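Here's the letter readout for the chains.
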Amino acid sequence: MPTPGFTTTGRLLRSTAATLLAVPALLLTLPSTSTATPAAPTSVPPARGSAHMGTGVLTHEGQGDAPADVRVAQTEGVDVSSHQKDVDWAKLWDSGVKWAYVKATEGSYYKNPYFGQQYEGSYNTGMIRGAYHFAAPDDSGGAEQATYFADGGGTWSSDGRTLPGVLDIEWNPYGAACYGKTPTQLVSWIRDFLTTYKTRTGRAALIYTSTNWWRDCTDNYAGFGTTNPLWIARYDKTVGELPAGWEFQTIWQYTSSGPTVGDHNKFNGPLSGVKSLATG
């Protein structure tokens, strides 16, 4: 991401569509011209398993100015991985953070050793939380990785405080930007992951990506916009242009250097929208 900010078929569409349908009229999705300055390239790729949301985005697209004010309610959230180790969730809660996503797995070879403290710690503090998977299409198939993710903490429960899982598909921090695959192959890989995840959990996964990566590596494929909520990564004043198929984002990751800990994000709506996404 079902969710505020996306559509799917049948019951999921009817139960959530009303929450954010008014948002697109209020939010601007401006052209993606950015003042962000890419990080300096490194000749030595990081170790496998060390990737996290925005690893490739920061390197390829850089960090621009702080977001501009918007005219609709936005709910602050964070995403964390093993980089943050044991997280002070109480401090984040007191700062206004009400939801969190935690890296659970990567490829079919890595599980976050801090997942328990981060996933349960956020929940115990009162947050609505979920898990994400860092995709490695050059490692194994989409269906295999979706299964690995669901088995490794990425499942969903109907407790009202567990968000559906996220597929983090972005610039490859370990090698070829598009994982050595053609747009057609990547779209097929993503579809296999999403189909398997929904079969396992009953929920449609969110897709985390950047517009530039999506355009370059999937040929701006538009086929997931009506079934899977969008989590867009852009570290600048505005959300900018969105990938094809989505009229608006459900979540915007606006910085890779949050004021407390983790990457910071804006859910496109009030806290009641986050709860609706969790409820399904």
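Owing to the predicted nature of the structure, the values given are computational and were not obtained by experimental measurement.

Q: Which parts of the structure should I look at to understand helix α5 (residues 115-125)?
A: For α5, the full list of buried residues reads Phe 115, Gln 118, Tyr 119, Gly 121 and Ser 122. Of the surrounding secondary structure, the elements contacted by the buried residues of α5 are β1 (75-80), α4 (89-94), β2 (99-106), β4 (128-134) and α6 (142-154). One or two residues past the end of α5 sits Gly 126, with phi positive at roughly 115°.

Q: Just checking my understanding: could you explain the pattern of salt bridges for this structure?
A: Here the idea is simple: oppositely charged side chains can pair when their charged atoms come close. If you walk through the whole model with that rule in mind, you get 6 salt bridges. In this structure, Lys 266 and Glu 76 form a salt bridge, with 3.7 Å as the shortest nitrogen-oxygen distance. One end of the pair, Lys 266, is in strand β9 (residues 263-267); the other, Glu 76, is in strand β1, and 190 residues separate them in sequence. Here Glu 76 falls in the buried class, since its relative accessible area comes to 19%.

Q: For this particular structure, what's the right way to read helix α9 (residues 271-279)?
A: Since the α-helix turns once every 3.6 residues, residues separated by three or four places project in the same direction. For α9, the complete set of buried residues consists of Gly 273, Val 274, Ser 276, Leu 277 and Ala 278. Backbone geometry just downstream of α9 places Gly 280 in the positive-phi region, at approximately 85°.

Q: I tried to follow unusual backbone geometry on my own but got confused; where do I start?
A: Glycine aside, the phi torsion of most residues is negative, and most peptide linkages are trans. Despite not being glycine, Tyr 179 shows a phi value in the positive range, around 65°. Although it is not a glycine, Asn 220 adopts a positive phi angle of roughly 55°.

Q: In this structure, what is going on with the environment of His 133? I would like to understand it.
A: Its place among the elements puts His 133 in strand β4. Each C-alpha atom, one on His 133 and one on Gly 107, is 7.7 Å from the other, the two residues being 26 residues apart in sequence. Every residue in contact with His 133, bar those within four places of it in the chain, is listed here: Thr 105, Glu 106, Gly 107, Gln 145, Phe 149, Val 166, Leu 167, Asp 168 and Phe 193. At 2.7 Å, the side chain of His 133 forms a polar contact with the side chain of Thr 105.

How each quantity is defined
Residues numbered from 1 in each chain as written. Predicted model: local features only at pLDDT ≥ 70, side-chain atom pairs only at ≥ 80, totals over all residues. Heavy atoms only, no water. Buried < 20%, exposed > 50% of the residue type's maximum accessible area, 1.4 Å probe, protein only. Helix = DSSP H or I, 4+ residues; strand = E, 2+ residues; numbered from the N terminus. Contact = heavy atoms within 4.5 Å. Salt bridge = Lys/Arg side-chain N within 4 Å of Asp/Glu carboxyl O. Polar contact = N/O pair within 3.5 Å; in protein donor to acceptor, adjacent residues only side chain to side chain.

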